[in-house]
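# Structural features, examined
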Amino acid sequence: QVQLVESGGGLVQAGGSLSLSCVASGRTFSVYRMGWFRQTPGKEREFVAALSWSGGSTYYGDAVKGRFTISRDNAENSVYLQMNSLKPEDMAVYYCAAATNYCAGSGCYSRESMYNYWGQGTQVTVSS
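Read on for a plain summary of the structure. These numbers come from a predicted model, not from an experiment.

## Comments concerning the sheet that holds strand 8 (residues 78-83)
Read from one edge of the open sheet, four strands run 1-3-8-7, paired in antiparallel fashion. Edge positions in the sheet fall to strand 1 (2-7) and strand 7 (68-73), since each of these pairs with one other strand and no more. Each strand axis lies, on average, 20° off the axis of its neighbour in the sheet, ignoring direction. In the sheet, strand 7 pairs with strand 8 via six bridges, with the strands oriented antiparallel. Bridging across to strand 8, Arg72 finds its partner in Val79.

In structure tokens form, the structure reads like this:
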């Protein structure tokens, strides 16, 4: 019903910046929220950031708060992740996610199980 395509991953030095994009297609009118998760070897998928599509409320994981910014473009059905002050521990595969199931409460945005559509992922490498 919904397709997601990420782009913008690459190599950046510690302290630098990088911007990721996610374009949604299909039945985008049914999307309630979109977010970003990341995963490194040996770890569970980690919540990074999310937003409410209609209301614009934003949520961030503790590890990235103050450094990353999530935003949207309603006309283009896209979400973006601006990453500043990157650290080596930010190196991971970043996934875009979308949810068509309604869920009330801030906890709905940070749980992987609350999203039902996922992109293919884009690699972010941070050198030191």
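Structure shown, so let's carry the discussion forward.
## Some words on the state of the cysteines
On inspection of all chains with the given rule, the structure shows two disulfides. A sulfur-sulfur separation of 2.1 Å characterises the disulfide bridge that pairs Cys22 with Cys96. On the sign convention where negative means left-handed, the S-S torsion of about -80° between Cys22 and Cys96 marks this disulfide as left-handed. With Cys22 in strand 3 (residues 18-26) and Cys96 in strand 9 (residues 92-99), the pair connects residues that are 74 residues apart, well separated along the chain. On the basis of relative accessibility, which here comes to 0%, the residue Cys22 falls in the buried class. Under the relative-accessibility criterion, Cys96 is labelled buried at 0%. Here Cys103 is linked by a disulfide to Cys108, with a sulfur-sulfur distance of 1.9 Å. An S-S torsion of about -60° defines the bridge between Cys103 and Cys108 as left-handed.

## Quick word on the pattern of salt bridges
Applying the stated criterion to the full structure yields five salt bridges. Between Arg38 and Glu46 there is a salt bridge, with the nearest N and O atoms lying 2.9 Å from each other. Given a relative accessible area of 33%, Glu46 falls into the partly exposed group. Arg67 is paired through a salt bridge with Asp90; the nearest N and O atoms lie 2.7 Å apart. In this pair, Arg67 is assigned in the loop between strand 6 (58-60) and strand 7 and Asp90 in the loop between strand 8 and strand 9, connecting sequence segments 23 residues apart. Since its relative accessible area comes to 12%, Arg67 is described here as buried. Each of Arg38, Glu46, Arg67 and Asp90 takes part in a single network of salt bridges with overlapping partners.

## Description of the pairing of strand 9
When you tally the buried positions in strand 9, you get seven out of eight residues, the bulk of the element. Summarising the sheet, strand 4 (residues 33-39) and strand 9 pair through seven bridges and their orientation is antiparallel. Residue pairing for strand 9: Gly35 is matched across the bridge by Ala97. As defined by bridge partners, strand 9 adjoins strand 11 (residues 122-127) across three bridges and the pair is classed as antiparallel. Pairing of Tyr94 across the sheet is with Thr122, part of strand 11.

What counts, and where the lines are drawn
Residues numbered from 1 in each chain as written. Predicted model: local features only at pLDDT ≥ 70, side-chain atom pairs only at ≥ 80, totals over all residues. Heavy atoms only, no water. Pairing = 2+ DSSP bridges. Helix = DSSP H or I, 4+ residues; strand = E, 2+ residues; numbered from the N terminus. Axes fitted to C-alpha atoms, helices over the stretch in contact; angles between N-to-C directions. Disulfide = S-S within 2.5 Å. Buried < 20%, exposed > 50% of the residue type's maximum accessible area, 1.4 Å probe, protein only. Salt bridge = Lys/Arg side-chain N within 4 Å of Asp/Glu carboxyl O.

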